[in-house]
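Remarks on the overall topology
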Amino acid sequence: EKSKLPKNFFELLVKSDWRKWVASVKKELEGWDQNNAVTLVDISEVPKGAKIVPLGELYTIKRDGRYKFRQYLMGNLLRPGVDFGETFSTTVSGSGVCSFYSVATTCDKEVWGWDAVCGYLQAKEQYDIYAFLPSHQLYSDLEYEELEVLRKEFLKLVATEGEAGLQKFASKHKKDSR
């Protein structure tokens, strides 16, 4: 159920399956590092007038039970003509879809769904894109033992102030980290 999925890194730490969620975050961030998907720059290096957008967090559990985390750029906040020129997205042709299902049917295979082949851009961006560091930047690299200590503090917070206390902490931390 979607309402039980964490909405941020701090919320996942109070879940009973927190270790699986942390593993999914670490796996995603390793992919970003391995693919050189980001470059950390000091705020003083960001050109005047450049838009700095936040990063979103998406947590899901796949059909096979794997925990999945995606960190994504909130591109909907970019300004046309200022932060980007043209947009283009390839699509699968109708004949491509027909061919795919024909092969699946011929091989007596059931199609459950499909996913993007690659989540990273394959070409140089026309404009540099700047994003705030994720709110979990200081924590996602910690070892599990260190996260366990942080988790205990968050569990105390939830016990005394409820989920609202945790959300208040997350909001304040997000604001302070910018």
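To start, this report covers the structure provided alongside it.

Definitions and limits used
- Residues numbered from 1 in each chain as written.
- Predicted model: local features only at pLDDT ≥ 70, side-chain atom pairs only at ≥ 80, totals over all residues.
- Heavy atoms only, no water.
- Helix = DSSP H or I, 4+ residues; strand = E, 2+ residues; numbered from the N terminus.
- Areas by Shrake-Rupley, 256 points an atom, 1.4 Å probe, with all protein chains shown as cover.
- Buried < 20%, exposed > 50% of the residue type's maximum accessible area, 1.4 Å probe, protein only.
- Polar contact = N/O pair within 3.5 Å; in protein donor to acceptor, adjacent residues only side chain to side chain.
- Pairing = 2+ DSSP bridges.
- Expected span 1.5 Å × (residues − 1).
- Bend = angle between axes of the 7 residues up to and from the residue.
- Contact = heavy atoms within 4.5 Å.
- Salt bridge = Lys/Arg side-chain N within 4 Å of Asp/Glu carboxyl O.

Scanning the protein from N- to C-terminus turns up four helices and four strands. Secondary structure elements of the protein occur, N-terminal to C-terminal, as α-α-β-β-β-α-β-α. Split by element, the accessible area of the protein, about 13100 Å² in all, is 54% carbon and sulfur.

Let us now look at the environment of D42. Checked against the element boundaries, D42 lands in the loop between α2 (18-34) and β1 (52-53). By relative accessible area, which is 44% here, D42 ends up partly exposed. Among the polar contacts made by the side chain of D42, one reaches the side chain of S44 at a distance of 2.6 Å.

Right, let's get into the pairing of strand β3 (residues 67-73). Pairing geometry for strand β2 (residues 55-61) and β3, over seven bridges, is antiparallel. Residue pairing across strands places Y59 opposite F69, the latter belonging to β3. Between β2 and β3, which follow one another and run antiparallel, lie five residues, and G65 among them has a positive phi close to 95 degrees.

Right, let's talk about helix α4 (residues 144-177) for a bit. Two residues of an α-helix separated by three or four positions point the same way, owing to the 3.6 residues in each turn. Compared with the 50 Å implied by 1.5 Å per residue over 34 residues, the 22 Å span of α4 between its first and last C-alpha is markedly short. Of all the bends in α4, the largest measures some 125 degrees and sits at E161. Listed as buried for α4 are L147, L150, R151, F154, L157, G165, L166, A170 and H173. Taken together, the buried residues of α4 touch α1 (9-12) and α2.

Take the pattern of salt bridges next. Using the criterion set out here, one finds four salt bridges in the structure. In this structure, R70 engages E28 in a salt bridge whose closest nitrogen and oxygen atoms are separated by 2.4 Å. Highlighted residues: R70 in strand β3 and E28 in helix α2, separated in sequence by 42 residues. We classify E28 as buried; its relative accessible area is 7%.

These values are about where atoms sit, not about what they do.
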